[in-house]
Amino acid sequence: MALSATIVTFLNSFYSSYQVQKQQLKSETLKSQSAYAAKLVSATDRFLQSAQQQLAYSASVIEANFANPAILTQEVERLKRQTDSFNSTVIVLANGIVKDISPKSLKLTGKKLDSYGALQALSVKEPMISEPYTSAANNLIIFISHPLFDANGGYLGYLGGSIYLKRASILHDLLQVHFHKDGSYLYVVDKNRRLLYHPDTSRIGEQVYNNEVIEAVLSGNHGTQQLINSQNKAMLAGYAPLKTAPWGIITQRPLEATLEPLDGLMINVLQRTLPIGFATLLFIWLLARLIAHPLRDLAKTANSLHSPHVAQQLKDVKSWYFESAELRKAILNSVGVLQNQIGMLRQEAQTDPLTGLHNRRSLDTTLTQLTVTHTPFAVLAIDIDFFKRVNDEFGHDIGDHVLQSLANIVQDVTRTTDFVARTGGEEFMVISPNATASSAYLLAERVRMQVSETFIDPVGYIHVSIGVAGWPLQQLTLEEILKLADQALYQAKHSGRNRTIVDSHYQGTDSEKTAEVR
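What counts, and where the lines are drawn
- Residues numbered from 1 in each chain as written.
- Predicted model: local features only at pLDDT ≥ 70, side-chain atom pairs only at ≥ 80, totals over all residues.
- Heavy atoms only, no water.
- Helix = DSSP H or I, 4+ residues; strand = E, 2+ residues; numbered from the N terminus.
- Buried < 20%, exposed > 50% of the residue type's maximum accessible area, 1.4 Å probe, protein only.
- Contact = heavy atoms within 4.5 Å.
- Areas by Shrake-Rupley, 256 points an atom, 1.4 Å probe, with all protein chains shown as cover.
- Arc of directions from axis to C-beta.
- Pairing = 2+ DSSP bridges.
- Axes fitted to C-alpha atoms, helices over the stretch in contact; angles between N-to-C directions.
- pLDDT = per-residue confidence, 0-100.
- Phe/Tyr/Trp six-rings, centres within 6.5 Å; stacked < 30°, edge-to-face > 60°.
- Lys NZ or Arg CZ within 6 Å of the ring centre and 35° of its normal.
- Parallel < 35°, antiparallel > 145°, perpendicular 65-115°, else oblique.
- Left-handed = near helix turned anticlockwise from the far one by under 90°.
- Nonpolar A, V, L, I, M, F, W, Y, C, P; charged D, E, K, R; others polar.
- Salt bridge = Lys/Arg side-chain N within 4 Å of Asp/Glu carboxyl O.
- Core = buried A, V, L, I, M, F, W, Y, C linked by side-chain atoms within 4.5 Å.

### Observations concerning the overall build of the protein
Item 1. On a plain count of helices and strands, the protein comes out with 14 helices and 18 strands.
Item 2. When each of the 518 residues of the protein is scored for burial, the buried share is 48%.
Item 3. Long-range pairs, those at least 24 residues apart, make up 60% of the contacts in the protein with a sequence separation of at least 6.
Item 4. When the accessible surface of the protein is split by element, carbon and sulfur atoms take 53% of a total near 25800 Å².

### Things to note about helix H3 (residues 116-124)
Item 1. Every buried residue of H3 is accounted for by Gly117, Ala118, Ala121 and Leu122. Angularly, the buried residues of H3 cover 135 degrees about the axis, an arc narrow enough to put them on a single face.
Item 2. Of the surrounding elements, those touching the buried residues of H3 are strand E1 (88-93), strand E3 (128-129), strand E4 (133-134), strand E5 (140-149) and strand E6 (155-164).
Item 3. Positive backbone phi, approximately 55 degrees, marks Lys125, located one or two places after H3.

### Quick look at the sheet that holds strand E13 (residues 419-424)
Item 1. Taken together, five strands build an open sheet; the order of strands is E13-E14-E12-E17-E18 and the sheet is mixed. Bordering the open sheet on either side are E13 and strand E18 (500-502), each of which pairs with just one other strand. Each strand of the sheet is rotated relative to its neighbour by a mean of 20 degrees, with strand direction disregarded.
Item 2. Taken together, the seven bridges between strand E12 (residues 377-384) and strand E14 (residues 427-433) define a ladder with antiparallel strand orientation. Its bridge partner being in E14, Ile382 is matched across the sheet by Phe428.
Item 3. Against the sheet, helix H13 (residues 437-452) makes contact with E12, E14, strand E17 (464-471) and E18, and its axis sits at roughly 165 degrees relative to E17, the strand it touches most.

### Brief notes about the sheet that holds strand E10 (residues 234-241)
Item 1. Read across the open sheet, the five strands follow the order E8-E7-E11-E10-E9; overall the sheet is antiparallel. Only two strands of the sheet have a single partner each, and these edge strands are strand E8 (195-197) and strand E9 (223-228). In this sheet, adjacent strand axes meet at a mean angle of 35 degrees when their direction is disregarded.
Item 2. Pairing of strand E7 (residues 185-190) with strand E11 (residues 247-254), which is carried by six bridges, proceeds in the antiparallel orientation. Looking at E11, one finds that Tyr185 is bridged to Gln252.

### Some details on the confidence of the model for the protein
Item 1. With 82% of its residues at a pLDDT of 70 or more, the protein shows a mean pLDDT of 83.
Item 2. The model gives residues 509-518 a pLDDT under 50, and that stretch makes 32 contacts with residues more than four places away or in other chains.

### Overview of the packing of aromatic side chains
Item 1. Within the structure shown, the criterion is met by six aromatic pairs.
Item 2. Measuring from ring centre to ring centre gives 5.6 Å for Phe377 and Trp471, while their planes differ by 15 degrees; the resulting arrangement is stacked. Remark: Trp471 occurs in strand E17 and Phe377 occurs in strand E12; sequence separation between them is 94 residues. The exposure classification of Phe377 matches that of Trp471, with both residues buried.
Item 3. Over the face of the ring belonging to Tyr155 we find Lys125, whose NZ or CZ atom lies 4.9 Å from the ring centre.

### Focus: the packing of helix H12 (residues 396-413) against H13
Item 1. Two elements in contact, H12 and H13, have axes separated by 10 Å at closest approach and are oriented at 140 degrees. With respect to their mutual orientation, H12 and H13 come out oblique. Here H12 runs over H13; the crossing is right-handed. Across the interface between the two elements, Leu406, Ile409, Val410 and Val413 from H12 touch Leu443, Arg446, Val447, Gln450 and Val451 from H13.
Item 2. Grouping the amino acids of the contact of H12 with H13 by side-chain chemistry returns seven nonpolar, one polar and one charged.

### Remarks on the packing of helix H11 (residues 387-394) against H12
Item 1. Contact geometry of H11 with H12 gives a least axis separation of 7 Å together with a crossing angle of 140 degrees. In terms of orientation, H11 lies oblique with respect to H12. Facing Phe387, Val390, Asn391 and Phe394 of H11, the residues of H12 in contact are His396, Ile398, Gly399, Val402 and Leu403.
Item 2. Residues that form the contact of H11 with H12 fall into these classes: six nonpolar, three polar and no charged.

### What to know about the pattern of salt bridges
Side-chain pairs of opposite charge can arise whenever the charged atoms involved come near each other.
Item 1. Taken as a whole and judged by the stated rule, the model has 15 salt bridges.
Item 2. Where Asp385 meets Lys493, a salt bridge forms, and the shortest distance between an N and an O atom there is 2.8 Å. Of this pair, Asp385 sits in the loop between E12 and H11 while Lys493 sits in helix H14 (residues 478-494), and the two are 108 residues apart along the sequence.
Item 3. In this structure Lys493 comes out as buried when scored by relative accessible area, which is 13%.
Item 4. Several salt bridges share partner residues, and in doing so they unite Asp383, Asp385 and Lys493 into one network.

### Notes on the nonpolar core
Item 1. In this structure, Leu48, Ile144, Leu159 and Trp247 are the most contacted members of the largest nonpolar core, which totals 35 residues.
Item 2. Counting only elements with at least two residues in this core, the list comes to helix H1 (2-64), helix H2 (69-81), E5, E6, helix H4 (170-176), E7, E8 and E11.
Item 3. A per-element tally of this core places H1 first, with ten residues.
Item 4. Every residue in contact with Trp247, bar those within four places of it in the chain, is listed here: Leu48, Ile129, Ile142, Leu171, Val188, Val189, Asp190, Leu196, Pro241 and Leu242.

Set out below in structure tokens:
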């Protein structure tokens with residue numbers, strides 16, 4: 001009985017710990033996938049809005065100089081070459097004839113367009129983003145257009161730009177950087193369930209049916225779901241719809257990749273505890289036939305190895321002879337090893353393996369504790385400027401070295417009471433309890449200056465952009481505060497990088513005015 005009870009208790013404790021950690025990893029991965037999808041949606045929406053704004057500006061120039069072919073050609077070429085937003089740009093007259101086009105190699109000037117997107121643009125006579133279709137140059141594209149009117153409101157035609165779906169384009173580049181070697185990937189669908197982007201380019205243009213996630217995102221919902229993909233693999237998916245176009249973005253990570261660290265850690269725990277556990281069980285079995293009373297007490301106590309009070313209960317067992325005392329000692333050692341290993345597992349689950357900083361899961365726990373205790377805090381969202389260039393020029397190993405160096409710099413500059421975490425890629429976050437807007441700004445500037453003055457071999461000097469926000473602020477939620485910090489960071493990026501921007505709403509913990517915004 002003692003042998004059976006000990007085995008069952010050990011396995012139950014091990015299995016329960018495994019299941020709890022497994023569920024937490026799945027839950028955190030689903031949350032991160034949802035946030036990931038939302039971030040990509042925001043980036044794609046900004047790109048489409050920017051493209052439409054470029055067309056609107058160029059349309060105003062063309063309308064004012066419609067009788068000047070040189071200016072029309074100049075504007076079409078500028079629109080095509082200045083930002084790389086479009087693979088081709090075109091001016092089409094109201095009768096469908098191509099007035100001008102870039103690049104000239106398409107050889108469509110003077111020809112009448114009768115493709116789906118061209119006819120749709122002529123029909124609606126307003127800014128639009130088309131559905132995917134095959135262009136006159138035999139490319140699968142989406143077409144963004146803006147109408148042209150003369151001074152009296154007469155319709156002249158339209159200005160448009162195409163984005164290739166199966167060939168290199170800025171949209172492809174924007175999404176391709178988020179492909180991961182662990183099997184994670186993302187794809188984009190339009191309202192007709194047609195794939196606009198997929199890592200497997202042969203699938204672009206394919207229509208996908210009977211997919212619950214696609215149906216959900218095209219219904220305007222955002223969220224998470226565990227599913228089986230087309231390759232019969234279990235995936236953890238996050239999804240979100242775009243605002244600019246009737247599209248949806250779905251990000252997926254293999255369940256196997258999510259649980260891989262946990263499996264390795266639990267196997268390590270099992271390998272370390274099995275020898276001691278086996279020796280302990282054998283010892284119990286040999287002595288149980290000779291010694292009755294102390295072993296019955298030990299057997300009863302062994303049924304609660306998962307209890308935090310088990311060590312004290314074992315010490316209270318009256319082992320009045322040498323053998324029972326040694327058995328009690330062996331069981332205590334087993335409990336200690338198991339609890340230490342579980343503690344290590346929890347620690348590793350809350351730590352970023354590359355930099356040794358806290359991860360997003362640990363960050364969420366800390367933020368929850370601060371809000372429960374009503375402790376005000378400032379959030380510093382930090383992002384390395386042009387980090388992709390480091391990876392492209394020096395490789396990912398040097399990129400990892402830069403991330404580790406930045407982590408060390410941030411830890412050196414911040415206070416011991418500050419919480420430093422790596423939230424993903426080249427993104428870091430500092431939580432500074434009891435900080436005012438001014439002190440948070442000064443802390444951010446110290447971090448930024450220290451980074452810019454530190455030489456990192458072989459890359460040289462790097463720069464960071466920082467966004468600052470704080471809590472409490474107008475009864476906003478944690479998610480909204482973090483979003484304000486991200487928005488301040490994006491403003492720093494768009495304002496020229498290598499600078500700190502403080503969210504304009506943030507007043508800190510006292511009556512000080514908002515810190516200077518650079």
